[in-house]
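# Descriptive structure summary
One letter stands for each residue in the lines below.
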Amino acid sequence: MPLALIFLIGSALLHPFWIALPKKAAHPLTMNFWGMVIATIIFSPVYFQTIFWEKVIQHKELVLSLVVIQSFYAMSVLVFARNHHFQLAYPLSRTIPIVVLIGEVFFLNETFTPLQIIGICTVAFGALLFGIDEHIRKIRIKFFLLLSLVTIAGASAMLLTKKLIFAFDAYEFWAFSLFQLPILIIPVLFLKKQALQDIKNVKLLFGSSIAMIGTWYLGILALEYFPAAVVSAVRSLSILFGIFLGGQMFYEGHAIKRYIAGGMIAMGAILSLI
């Protein structure tokens, strides 16, 4: 269990970098695509294992659903963060835990203690409180529509991963990157100039790829030990790191209210583990 907790904290630490670094690229979707190409190369040895393809065929409906939803989630959350104030967009995109909690109870028949439920709800409320500030007055309805899509897609990807965790390990889950490439390349076809710029930006591409692969690889390892809602809640500790990134990388300041909301998120994450 202590090792699983380390995986979980590590995943939370890396998650905001996966969002923040592509925001500094020529375009986040092209940076994400190149990162997935790198992931496909790294995890390519699994493609030579017959058992992997047998399991993919056996669970093809769930695998296909996960690939499509995860691709949509990655693209939508990156565009969402690119087009909006990072310290607004990132926390609001982390309201996923409560949706995962509901889905896990009704679709995966998972049970939670009262303290866990309180903790998960506290995390979601803290994320909302963190993201609501003067910038939200300038936001239009399409912002909230995209936020809803991001939340639903992120929660669905988490639930599908938990559903398949008995059949695939973290290495095999990341090998699904090959199946995502035909989807992720579509926007790149319209962003050829940005794609060329981003593949030349080796330092940013390397950092972005490490964050992207690391946060989800460690998250999958944690899913082997914890319910998906708990993993999602504790990973929301990433908002605390997001405070720093928003202030340092995008010069968005360090408002006291954000630290108060961050404290709520930390408290909720701890309760969810009890």
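Below is a short write-up of the structure. (Residues numbered from 1 in each chain as written. Predicted model: local features only at pLDDT ≥ 70, side-chain atom pairs only at ≥ 80, totals over all residues. Heavy atoms only, no water.)

Next up on the list: a nonpolar patch on the surface. A contiguous nonpolar surface patch, about 570 Å² in accessible area, is contributed by Ile-98, Val-99, Ile-102, Val-105, Phe-106 and Phe-107. Structurally, the position occupied by Val-105 is in helix H6 (residues 96–107). Of the residues examined, Val-105 reaches a relative accessible area of 35% and is grouped as partly exposed. (Patch = residues over 30% accessible without salt bridge, like charges linked within 9 Å, V, L, I, M, F, W, Y side chains within 5 Å. Areas by Shrake-Rupley, 256 points an atom, 1.4 Å probe, with all protein chains shown as cover. Salt bridge = Lys/Arg side-chain N within 4 Å of Asp/Glu carboxyl O. Helix = DSSP H or I, 4+ residues; strand = E, 2+ residues; numbered from the N terminus. Buried < 20%, exposed > 50% of the residue type's maximum accessible area, 1.4 Å probe, protein only.)

The next subject is the nonpolar core. Counting 72 residues, the largest nonpolar core has Trp-18, Phe-52, Val-100, Phe-168, Phe-173, Trp-174 and Phe-176 as its most contacted members. In terms of residue count, helix H4 (residues 60–83) provides more of this core than any other element does, ten residues in total. If sequence neighbours within four positions are ignored, Trp-174 has contacts with Met-36, Ala-39, Phe-43, Met-212, Ile-213, Trp-216 and Tyr-217. (Core = buried A, V, L, I, M, F, W, Y, C linked by side-chain atoms within 4.5 Å. Contact = heavy atoms within 4.5 Å.)

Attention now goes to the side chain of Arg-235. In this structure, Arg-235 sits in helix H13 (residues 228–235). No salt bridge is formed by the buried Arg-235; the nearest opposite charge belongs to Glu-104, separated by 12 Å. One polar contact links Arg-235 to Ser-11, side chain to side chain, over a distance of 2.8 Å. Discounting chain neighbours no more than four positions away, the residues touching Arg-235 are Leu-8, Ser-11, Ala-12, His-15, Arg-94, Met-158, Thr-215 and Trp-216. (Lys, Arg positive; Asp, Glu negative; His and termini not counted. Polar contact = N/O pair within 3.5 Å; in protein donor to acceptor, adjacent residues only side chain to side chain.)

Axis separation between helix H1 (residues 2–23) and helix H12 (residues 202–223) bottoms out at 7 Å; the angle between their running directions is 145°. For the pair H1 and H12, the crossing hand works out as left-handed. The residues of H12 that touch H1, namely those facing Ala-4, Phe-7, Leu-8, Gly-10, Ser-11, Leu-14, His-15, Phe-17, Trp-18, Leu-21 and Pro-22, are Leu-204, Gly-207, Ser-208, Ile-210, Ala-211, Met-212, Gly-214, Thr-215, Leu-218, Gly-219, Leu-221 and Ala-222. Residue composition of the contact of H1 with H12, by class: 15 nonpolar, eight polar and no charged. (Axes fitted to C-alpha atoms, helices over the stretch in contact; angles between N-to-C directions. Left-handed = near helix turned anticlockwise from the far one by under 90°. Nonpolar A, V, L, I, M, F, W, Y, C, P; charged D, E, K, R; others polar.)

In this section: empty space enclosed by the protein. Overall, the coordinates contain one cavity of 30 Å³ or more when judged by the stated rule. In this structure, the largest cavity occupies an estimated 350 Å³ of space. Along the wall of the largest cavity there are 23 residues; nearest its centre are Trp-18, Gln-70, Tyr-73, Ala-74 and Trp-216. Elements supplying a minimum of two residues to the lining of the largest cavity: H1, helix H2 (28–42), H4, helix H8 (141–164), helix H9 (170–175), helix H10 (177–188), H12 and H13. At four residues, H4 tops the list of elements feeding residues into the lining of the largest cavity. (1 Å grid on protein atoms, 1.4 Å probe; cavity = no way out; pocket = protein on both sides within 12 Å on 5 of 7 lines; lining within 4 Å. Points joined across faces, edges and corners; volume = space filled by probe spheres on them.)

On to the packing of aromatic side chains. Scanning all chains against the criterion turns up 16 aromatic pairs. With centroids separated by 6.2 Å and ring planes inclined at 40°, the aromatic side chains of Tyr-47 and Trp-53 adopt a geometry described as tilted. The exposure class assigned to Tyr-47 is buried, which follows from its relative accessible area of 15%. A connected cluster of aromatic rings, assembled from ring pairs, spans Tyr-47, Phe-52, Trp-53, Phe-168, Phe-173, Phe-176 and Phe-179. (Phe/Tyr/Trp six-rings, centres within 6.5 Å; stacked < 30°, edge-to-face > 60°.)

Right, let's talk about the packing of H2 against H10 for a bit. With their axes 9 Å apart at the nearest point, H2 and H10 run at an angle of 155° to one another. Between H2 and H10, the interaxial angle falls into the category roughly antiparallel. Judged by the sense of rotation from one axis to the other, the crossing of H2 with H10 is left-handed. Contact residues: H2 offers Leu-29, Thr-30, Asn-32, Phe-33, Met-36, Val-37, Ala-39 and Thr-40, while H10 offers Ser-177, Leu-178, Gln-180, Leu-181, Leu-184, Ile-185, Pro-187 and Val-188. Partitioned by chemical class, the residues of the contact of H2 with H10 number eleven nonpolar, five polar and no charged. (Parallel < 35°, antiparallel > 145°, perpendicular 65-115°, else oblique.)

A separate point is the pattern of salt bridges. According to the stated counting rule, one finds two salt bridges in the structure shown. Note that Lys-55 is salt-bridged to Glu-172, the shortest N-O span being 2.9 Å. With Lys-55 in helix H3 (residues 50–58) and Glu-172 in helix H9, the pair connects residues that are 117 residues apart, well separated along the chain. As far as the burial class goes, Lys-55 and Glu-172 line up, both buried. Across the pair Lys-60 and Glu-61 runs a salt bridge whose closest N-O atoms are separated by 3.8 Å.

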